[in-house]
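Take a look at the letters that make up each chain.
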Amino acid sequence: MPERTRYLAANWKMHKTTEEAERFLAEFLPQIPDSAEPEIVVCPPFTSLKTVIELCFQSPVRVAAQNMHEADQGAYTGEISAPMLVDLGVHGVILGHSERRQHFAESDAALALKVPAALGAGLEPILCVGENEGQRDADETEDVLTRQIQADLAEVPDARLSEVVIAYEPIWAIGTGRTATPEQAQEAIALIRELIESRSREGAEAIRILYGGSVKPDNAPELISQEGVDGALVGGASLDPADFASMVNAAV
Ligand code: PGA
């Protein structure tokens, strides 16, 4: 079985001006190892992408956006396309975050277009999936994850599945301080890997599947050491350079 490189991503959401991003990196970059593992990805708001890319040049940190439109260009006021992100030097893009699904009506139909558009432009998609509290309580987690994975990856060729990064983020654990137990994370991630395997065995072996939802320095080591859990997508705790650096160092 091929080794999968661990992956730690910081989702800053709608936080940090360019000056705050600069201050974060001035503290964060000296604290991280200069090694190929884990892969470190910082996802700032659009407005600080360029600054963060410039400051991370010659560091192991790569930069991803938090959303994009599926079309290359067009009359879509307020939107940003994949070629525009590539033009800035962006490496990847978060797609289908639950906050976009909840507050901005991001649909599986849109994601079925966005994921291949990102890949086609040369961006690494970080596709987020996960159930809400009611769905977990009603025992619908498996159905929800199956539906999201099948729909969102429907137009990705089997041979390119391994280029997608998936983040399993139970909505009830995002920003709530309530973390999935390592067993819950592992179980959901195993299900996602089986869904990928039903399309491509090689893809399932190579694809990175992360856990996200109230990951913090004290719970990160246990969560990311679970079999099959390839890293974490960290929100709130990634805003602090020392906290995010400690999670990165725990994944070395
Ligand atoms: P959180 O957010 O770590 O603050 O729970 C994770 C995410 O939304 O990606």
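Fair warning: this is a prediction, and the values are worked out from it, not measured in the lab.

Here is what the cut-offs are and how they apply
- Residues numbered from 1 in each chain as written.
- Predicted model: local features only at pLDDT ≥ 70, side-chain atom pairs only at ≥ 80, totals over all residues.
- Heavy atoms only, no water.
- Helix = DSSP H or I, 4+ residues; strand = E, 2+ residues; numbered from the N terminus.
- Rg over C-alpha atoms; globule rule 2.2 N^0.38 Å.
- Contact = heavy atoms within 4.5 Å.
- Areas by Shrake-Rupley, 256 points an atom, 1.4 Å probe, with all protein chains shown as cover.
- Near = heavy atom within 4 Å.
- Polar contact = N/O pair within 3.5 Å; in protein donor to acceptor, adjacent residues only side chain to side chain.
- Nonpolar A, V, L, I, M, F, W, Y, C, P; charged D, E, K, R; others polar.
- 1 Å grid on protein atoms, 1.4 Å probe; cavity = no way out; pocket = protein on both sides within 12 Å on 5 of 7 lines; lining within 4 Å.
- Points joined across faces, edges and corners; volume = space filled by probe spheres on them.
- Salt bridge = Lys/Arg side-chain N within 4 Å of Asp/Glu carboxyl O.
- Buried < 20%, exposed > 50% of the residue type's maximum accessible area, 1.4 Å probe, protein only.
- Phe/Tyr/Trp six-rings, centres within 6.5 Å; stacked < 30°, edge-to-face > 60°.
- Lys NZ or Arg CZ within 6 Å of the ring centre and 35° of its normal.
- Expected span 1.5 Å × (residues − 1).
- Axes fitted to C-alpha atoms, helices over the stretch in contact; angles between N-to-C directions.
- Parallel < 35°, antiparallel > 145°, perpendicular 65-115°, else oblique.
- Left-handed = near helix turned anticlockwise from the far one by under 90°.
- Core = buried A, V, L, I, M, F, W, Y, C linked by side-chain atoms within 4.5 Å.

Asks: Tell me what's going on with the overall build of the protein chain, and back it up with residues and numbers.
Replies: Secondary structure summary: the protein chain contains eleven helices and eight strands in total. Here the C-alpha atoms of the protein chain give a radius of gyration of 17 Å, agreeing with the 18 Å that 2.2 N^0.38 yields for 252 residues. With the principal axes as the frame, the protein chain shows a C-alpha extent of 45 × 45 × 35 Å. Here the contacts in the protein chain between residues at least 6 apart in sequence split such that 72% fall between residues at least 24 apart. Total accessible area on the protein chain stands at roughly 11,300 Å², and carbon and sulfur atoms take up 48% of it.

Asks: Just give me the short version of the site of the ligand, but keep the residues and values in it.
Replies: Not every one of the 14 residues close to the ligand is listed here, only the nearest: Lys 13, His 97, Glu 169, Gly 175 and Ser 214. Take Glu 169: an N or O atom from its side chain is 2.7 Å from an oxygen atom of the ligand. Within the backbone of Gly 235, a nitrogen or oxygen atom sits 2.9 Å from an oxygen atom of the ligand. Relative to its unbound accessible surface of 280 Å², the ligand loses 96% to contact with the protein. Of the residues belonging to the shell around the ligand, the class tally is five nonpolar, seven polar and two charged.

Asks: Can you lay out the layout of surface pockets for me, pointing to particular residues and giving the numbers?
Replies: Here the largest pocket defines a volume of roughly 490 Å³. As for the largest pocket, its lining consists of 17 residues, and the residues nearest its centre are Lys 13, Met 14, Gln 66, Arg 100 and Phe 104.

Asks: How would you explain the pattern of salt bridges if you had to name every residue and give the values?
Replies: Summed over all chains, the structure comprises 17 salt bridges. Here Glu 124 ties to Arg 208 by a salt bridge, and the two come within 3.8 Å at their closest N and O atoms. A residue pair is termed long-range when its members are at least 10 positions apart, and Glu 124 in strand E5 (residues 124-129) and Arg 208 in strand E7 (residues 208-212) qualify at 84 residues. Its salt-bridge partner being Arg 178, residue Glu 133 comes within 2.7 Å of it at the nearest N-O pair. Taken together, the residues Glu 133 in helix H6 (residues 133-137) and Arg 178 in the loop between strand E6 (165-168) and helix H8 (182-197) connect sequence positions 45 residues apart. Accessibility expressed as a relative area gives 40% for Glu 133, which makes it partly exposed. Assessed through its relative accessible area of 41%, Arg 178 is described here as partly exposed. Bridged by salt links that share partners, the residues Glu 39, Arg 62, Glu 124 and Arg 208 form one connected network.

Asks: If you had to explain the packing of aromatic side chains to someone new, which residues and values would you point to?
Replies: Applying the stated criterion across every chain, the model contains four aromatic pairs. One aromatic cluster in this structure is built from Trp 12, Phe 24, Phe 28 and Phe 244. Taking the ring centre of Trp 12 as reference, the NZ or CZ of Lys 16 above it sits at 5.3 Å. Across from the ring centre of Phe 104, 4.4 Å away, lies the NZ or CZ of Arg 100, which sits over that ring.

Asks: Give a detailed account of H8, specifying residues and quantitative values.
Replies: Taking 1.5 Å per residue, 16 residues should reach 22 Å; H8 reaches 22 Å between its end C-alpha atoms and fits that length. The set of residues buried in H8 consists of Pro 182, Ala 185, Ala 188, Ile 189, Leu 191, Ile 192, Arg 193, Leu 195 and Ile 196.

Asks: Summarise the packing of helix H1 (residues 18-28) against helix H11 (residues 241-250); cite the residues concerned and give the values.
Replies: Look at H1 against H11: their axes get within 9 Å of each other, and the N-to-C directions meet at 45°. By the angle between their directions, the pair H1 and H11 is classed as oblique. Taken as a pair, H1 and H11 cross one another with a handedness that is right-handed. Together, Phe 24, Glu 27 and Phe 28 of H1 and Pro 241, Phe 244, Ala 245 and Val 248 of H11 make up the contact between the two elements. Residues of the contact of H1 with H11, tallied by class, amount to six nonpolar, no polar and one charged.

Asks: Would you mind going over the nonpolar core in detail, with residue names and values included?
Replies: The biggest cluster of nonpolar side chains holds 66 residues, and the ones touching the most others in it are Leu 8, Phe 28, Met 68, Leu 153, Ile 166, Tyr 211 and Phe 244. Ranked by residue count, the leading element in this core is H8, at seven residues. When sequence neighbours within four positions are dropped, the list of residues in contact with Leu 8 reads Glu 39, Ile 40, Val 41, Ile 224, Gly 231, Ala 232, Val 234, Phe 244, Met 247, Val 248 and Ala 251. Membership of the second largest hydrophobic core comes to twelve residues, among which are Tyr 7, Ala 64, Ala 167 and Leu 210.

Asks: Give me the lowdown on the packing of helix H5 (residues 108-121) against helix H7 (residues 141-152), citing residues and values where you can.
Replies: Contact geometry of H5 with H7 gives a least axis separation of 8 Å together with a crossing angle of 45°. When the axis of H5 is compared with that of H7, the two are oblique. Along its contact with H5, which presents Asp 108, Leu 111, Ala 112 and Val 115, the element H7 presents Gln 148, Ala 151 and Asp 152. Residue classes in the contact of H5 with H7 are distributed as four nonpolar, one polar and two charged.

By themselves, these figures tell us nothing about what the structure is for.
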